[in-house]
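# Close look at the chain arrangement
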Amino acid sequence: MTTRGARAPRGAALFDVDGTLMDTNYLHTLAWWQALRRHGHDVPMARIHRAIGMGADRLLDEVLGSRRRREEDRAVADTHGALYAAWYDNLRPFEGATELLRAVAARGWQVVLASSASEEEVAAVRGRLDADEVIDAVTSGGDVDTTKPAPDLVEAALRAVGAEPEDAVFVGDTVWDVEAAGRAGLPCIGLLTGGTSRAELEDAGAVLVCEDPMTLLRRIDTSPLSRPPERPAG
């Protein structure tokens, strides 16, 4: 977990990274598919894609079920990490992602990146976002024992900036993001950029669904991100 320094508590805008700000979900799908095959598991890519957004702990449960051998978890995850790292130089944010973070910060929100990915993977994509000056804190899967759809990661992100659930909004691209936010007491804005459908995000409880970061940026002043909640004086 990293922070930019202590500040007085105020509204917090939490952002998932992969599939929300960065066009990486299908790269993760491919890397997990290859890693699983190297460890003797032939899992269809479609099934893996449905689990992207979870941390490695939950993803392996989801895609392997009764075939999971927990003693090989670390080896599979390390293989995935090495395969995914080969793409670092080619990672790209979605159009409007960096501008969205800056616009949110300009409206008075604390900006937090809240990802289930490893610390190394989050650092790699953070560098591509080119928005460090407006990012107040970053959390990764390594900061919690249980990742999305459990609320732990969202709660850790809130603690990182001293925010309460009623003063925060989450932005994500998977049903796991929506579920984690809901369990932590936050509304969630869903984006279609990760490959999850509008109906699935709405059924999971998303309060707003936009096509991509640029669309949300254009609609920001009529969205839950228009301005952070006002606190009483004193």
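Residues numbered from 1 in each chain as written. Predicted model: local features only at pLDDT ≥ 70, side-chain atom pairs only at ≥ 80, totals over all residues. Heavy atoms only, no water.

Turning to the environment of Asp167, a few remarks are in order. By the secondary structure assignment, Asp167 is in the loop between helix H7 (152-161) and strand E5 (168-172). Expressed as a C-alpha distance, the spacing of Asp167 and Ala105, which sit 62 residues apart in the sequence, is 14 Å. (Helix = DSSP H or I, 4+ residues; strand = E, 2+ residues; numbered from the N terminus.)

The final tally for this structure, using the stated rule, is 16 salt bridges. For Lys148, the salt bridge identified is with Asp16, shortest N-O distance 2.9 Å. With Lys148 in the loop between strand E4 (135-139) and H7 and Asp16 in the loop between strand E2 (12-15) and helix H1 (25-38), this residue pair connects regions lying 132 residues apart in the sequence. A residue is classified by how much of its surface remains accessible, and Lys148, at 0% relative accessible area, is buried. Taking the relative accessible area as the measure of exposure, Asp16 reaches 4% and is therefore buried. Between Asp61 and Arg70 there is a salt bridge, with the nearest N and O atoms lying 3.4 Å from each other. Overall, Arg70 belongs to the exposed group, its relative accessible area being 55%. Members of the salt-bridge network, linked through shared partners, are Asp61, Arg68, Arg70 and Asp73. (Salt bridge = Lys/Arg side-chain N within 4 Å of Asp/Glu carboxyl O. Buried < 20%, exposed > 50% of the residue type's maximum accessible area, 1.4 Å probe, protein only.)

Further remarks concern the layout of surface pockets. Rolling a probe over the atoms, with the probe sized like a water molecule, indicates the empty space that remains. A volume near 660 Å³ is recorded for the largest pocket. In terms of lining, the largest pocket is formed by 37 residues, of which the most central are Gly55, Ala56, Ser116, Ala117 and Ser118. For the lining of the largest pocket, the elements supplying multiple residues, two or more each, are H1, helix H3 (56-64), helix H4 (73-85) and helix H6 (119-129). For the lining of the largest pocket, the leading source of residues is H4, giving 8 residues. Partitioned by chemical class, the residues of the lining of the largest pocket number 12 nonpolar, 14 polar and 11 charged. (1 Å grid on protein atoms, 1.4 Å probe; cavity = no way out; pocket = protein on both sides within 12 Å on 5 of 7 lines; lining within 4 Å. Points joined across faces, edges and corners; volume = space filled by probe spheres on them. Nonpolar A, V, L, I, M, F, W, Y, C, P; charged D, E, K, R; others polar.)

It is the contact of H1 with H4, at a shortest axis distance of 8 Å, that shows an interaxial angle of 135 degrees. Compared by their axis directions, H1 and H4 come out oblique. Classified by chirality, the crossing of H4 by H1 is right-handed. Contacts between H1 and H4 involve Leu27, His28, Ala31, Trp32, Gln34, Ala35, Leu36 and Arg38 from the first element and Val76, Ala77, Thr79, His80, Leu83 and Tyr84 from the second. Split by residue class, the contact of H1 with H4 holds 9 nonpolar, 4 polar and 1 charged. (Axes fitted to C-alpha atoms, helices over the stretch in contact; angles between N-to-C directions. Parallel < 35°, antiparallel > 145°, perpendicular 65-115°, else oblique. Left-handed = near helix turned anticlockwise from the far one by under 90°. Contact = heavy atoms within 4.5 Å.)

Going through the model one piece at a time under the given rule, you end up with 1 aromatic pair. Centre to centre, the rings of Tyr84 and Tyr88 are 5.8 Å apart; their planes meet at 80 degrees, and the pair counts as edge-to-face. Judged on exposure class, the residue Tyr84 and its partner Tyr88 are both buried. (Phe/Tyr/Trp six-rings, centres within 6.5 Å; stacked < 30°, edge-to-face > 60°.)

Shape is all these values report; function is a separate question.
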